[in-house]
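# Structural features, examined
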2 protein chains.
Amino acid sequence: MDKDIFTKLLRERGQRFTKERFVILQKALSYDGHFDPETLYLQIRKTGSKASRASVYRTLSVLRECGVIQQVAKTEHGTVYERTYGHRHHDHMLCVQCGDILEFYSEELEKIQENICKKQGFQGSSHTLEIRGYCKKCRKKKK
Amino acid sequence: MDKDIFTKLLRERGQRFTKERFVILQKALSYDGHFDPETLYLQIRKTGSKASRASVYRTLSVLRECGVIQQVAKTEHGTVYERTYGHRHHDHMLCVQCGDILEFYSEELEKIQENICKKQGFQGSSHTLEIRGYCKKCRKKKK
DNA sequence: ATAGTTGCAAAATATTTGCATTTAT
DNA sequence: ATAAATGCAAATATTTTGCAACTAT
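Residues numbered from 1 in each chain as written. Chains lettered and ligands numbered in written order. Predicted model: local features only at pLDDT ≥ 70, side-chain atom pairs only at ≥ 80, totals over all residues. Heavy atoms only, no water.

### Some details on the overall build of chain A
- The secondary structure content of chain A amounts to six helices and six strands.
- Starting at the N terminus and walking to the C terminus, you meet the elements of chain A as α-α-β-α-α-β-β-β-β-α-β-α.
- For chain A, the share of sequence-separated contacts (at least 6 apart) that also reach a separation of at least 24 residues comes to 46%.
- Carbon together with sulfur atoms contributes 46% to the accessible area of chain A, which is approximately 8300 Å² in total.
- Counting 28 positive and 18 negative side-chain charges, chain A places the averaged centre of each group 5 Å from the other. (Helix = DSSP H or I, 4+ residues; strand = E, 2+ residues; numbered from the N terminus. Contact = heavy atoms within 4.5 Å. Areas by Shrake-Rupley, 256 points an atom, 1.4 Å probe, with all protein chains shown as cover. Lys, Arg positive; Asp, Glu negative; His and termini not counted. Charge placed at Lys NZ, Arg CZ, Asp CG, Glu CD.)

Given below as structure tokens:
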């Protein structure tokens, strides 16, 4: 996302463009999959850019409110976010042991949901499906 | 769940029956819907029974491992659990206008999820599906 | 008798907040 | 000029843990 679009998004909400916010935005969008605040913060430090932990947390909230990212889950290792801006819909499997999150998408699943809604006269606009359990690795460890 | 069944469950795991664990079990099962550790703890105190916060956390872990309850989500207010023992599963439709929640169940949906898990080597133990949108009533009002 | 469990208080972890300083507009 | 954002350190909130005392088996 370029600087101008971001500035506009912020303006609409009476907020200001800052270097820190831009750095955080870019890092957040750079993740193809999932990320958490602490990892993002450490990576920003490593690349020499500057932004405090507090700003990371504050900016991630802003980005969520703008619809640029979304909260996927809270785990023992912190909140997991993912980019929504320019990404297509999918669902999640969450390993309750190691906190790993797998993405999946099923056209069939989507279709059935549409049908269920139709039957009930419900106009669905979005959904969240999270399957919890044990991933392949942790499943083996359990035995 | 009665004392004997619970004792047996614990025995199988080399664990002991205690008054504290029983109080916590009963309270956990008393919730029809969702609950969190802190609420459960405070309600136990209020009713005069005794069990420390530490025991609540420790016992909820045990109950989860026994499959009596399951972790539904982590939120800013703590971990949310729900009873699984003797309950049947369903999903939710949430009307974003009036806040109404409709429950539904689809065998088809369950089957497909099982298949998806199998393909990924994931051992699913539970899931949450929330469809958001407009219920019949609010849909009419919109027009 | 002994191995597991409890309660307490301290520690660990993730996140939020107050405030003085800096910065975008 | 001024209203908003920053960084820091302190505060919060939830959960975990070490340990001495207690208790189920």
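### So, the packing of helix α2 (residues 19–30) of chain A against helix α4 (residues 53–66) of chain A
All names here are of chain A.
- The N-to-C vectors of α2 and α4 enclose an angle of 65 degrees; their axes lie 10 Å apart at closest approach. Comparing the axis directions of α2 and α4 gives the class roughly perpendicular. Remark: the crossing between α2 and α4 carries right-handed chirality. Counted together, Arg21, Ile24, Leu25 and Ala28 of α2 and Ser55, Val56, Thr59, Leu60, Val62 and Leu63 of α4 form the full contact between these two elements.
- Here the residues of the contact of α2 with α4 sort into seven nonpolar, two polar and one charged. (Axes fitted to C-alpha atoms, helices over the stretch in contact; angles between N-to-C directions. Parallel < 35°, antiparallel > 145°, perpendicular 65-115°, else oblique. Left-handed = near helix turned anticlockwise from the far one by under 90°. Nonpolar A, V, L, I, M, F, W, Y, C, P; charged D, E, K, R; others polar.)

### Describing the environment of Ile24 of chain B
All names here are of chain B.
- If you trace the backbone, Ile24 turns up in helix α2 (residues 19–30).
- A residue is classified by how much of its surface remains accessible, and Ile24, at 0% relative accessible area, is buried.
- For the pair Ile24 and Leu40, spaced 16 residues apart in sequence, the C-alpha to C-alpha distance is 7.8 Å.
- Sequence-distant contacts of Ile24, defined by excluding residues within four places in its chain, comprise Leu40, Ile44, Ala51, Ser55, Val56, Thr59 and Leu60. (Buried < 20%, exposed > 50% of the residue type's maximum accessible area, 1.4 Å probe, protein only.)

### Some words on the sheet that holds strand β1 (residues 34–35) of chain A
Residue and element names in this part refer to chain A.
- If you trace the three strands from one edge of the open sheet to the other, you get β1-β3-β2, paired in antiparallel fashion. Edge positions in the sheet fall to β1 and β2 (69–75), since each has one partner strand and no second.
- As paired strands, β1 and strand β3 (residues 78–83) are joined by two bridges and run antiparallel to one another. Within the sheet, the bridge partner assigned to His34 lies in β3 and is Glu82. (Pairing = 2+ DSSP bridges.)

### Notes on the interface of chain B and chain A
- Taken together, the contacts link 37 residues of chain B with 34 residues of chain A.
- Buried surface at the junction of chain B and chain A, both sides included, amounts to about 3300 Å², of which 57% is carbon and sulfur.
- Three residues, Phe122, Gln123 and Arg132 of chain B, lead the burial of chain B against chain A; their summed loss comes to 20% of the area buried on that side.
- Our count for the chain B to chain A interface comes out at zero salt bridges.
- The interface formed by chain B and chain A contains 16 residue pairs in polar contact (both at pLDDT 80 or more).
- Mapped by element, the contributors of at least two residues to the side of chain B that touches chain A are β2 (69–75), β4 (91–95), β5 (101–104), α5 (107–120), β6 (123–134) and α6 (136–142) of chain B. (Buried area = accessible area lost by both parts, 1.4 Å probe. Salt bridge = Lys/Arg side-chain N within 4 Å of Asp/Glu carboxyl O. Polar contact = N/O pair within 3.5 Å; in protein donor to acceptor, adjacent residues only side chain to side chain.)

### Observations concerning the pairing of β2 of chain B
Residue and element names in this part refer to chain B.
- By the bridge criterion, six bridges tie β2 to strand β3 (residues 78–83) in an arrangement that is antiparallel. When the sheet's bridge partners are listed, Ile69 is paired in β3 with Arg83.
- The hairpin formed by β2 and β3 contains two residues between the paired strands.

### Regarding empty space enclosed by the protein
- Counted under the stated rule, the structure contains one cavity of 30 Å³ or more.
- Empty space within the largest cavity amounts to approximately 40 Å³.
- If you trace the largest cavity, you find it lined by Lys74, Thr75, Glu76, Leu94, Cys95 and Val96 of chain A together with Gln71 of chain B.
- Those elements giving two or more residues to the lining of the largest cavity turn out to be β2 and β4 (91–95) of chain A. (1 Å grid on protein atoms, 1.4 Å probe; cavity = no way out; pocket = protein on both sides within 12 Å on 5 of 7 lines; lining within 4 Å. Points joined across faces, edges and corners; volume = space filled by probe spheres on them.)

### Digging into the protein's contact with DNA strand D
- Around DNA strand D lies a shell of 22 residues, among which Ser52, Ser55 and Arg58 of chain A together with Tyr57 and Thr79 of chain B are the nearest.
- Each atom of DNA strand D within 4 Å of the protein was classed as base or backbone; sugar and phosphate made up 71%.
- Measuring from a phosphate oxygen of DNA strand D, one finds a side-chain N or O atom of Thr18 of chain A at 3.1 Å.
- Looking at the surface near DNA strand D, the elements that each hand over two or more residues are α2 and α4 of chain A together with α4 (53–66) and β3 of chain B.
- A breakdown of the residues in the surface near DNA strand D according to their chemical character gives six nonpolar, seven polar and nine charged. (Near = heavy atom within 4 Å.)

Take it as geometry only, folks, not as evidence of what the structure does.
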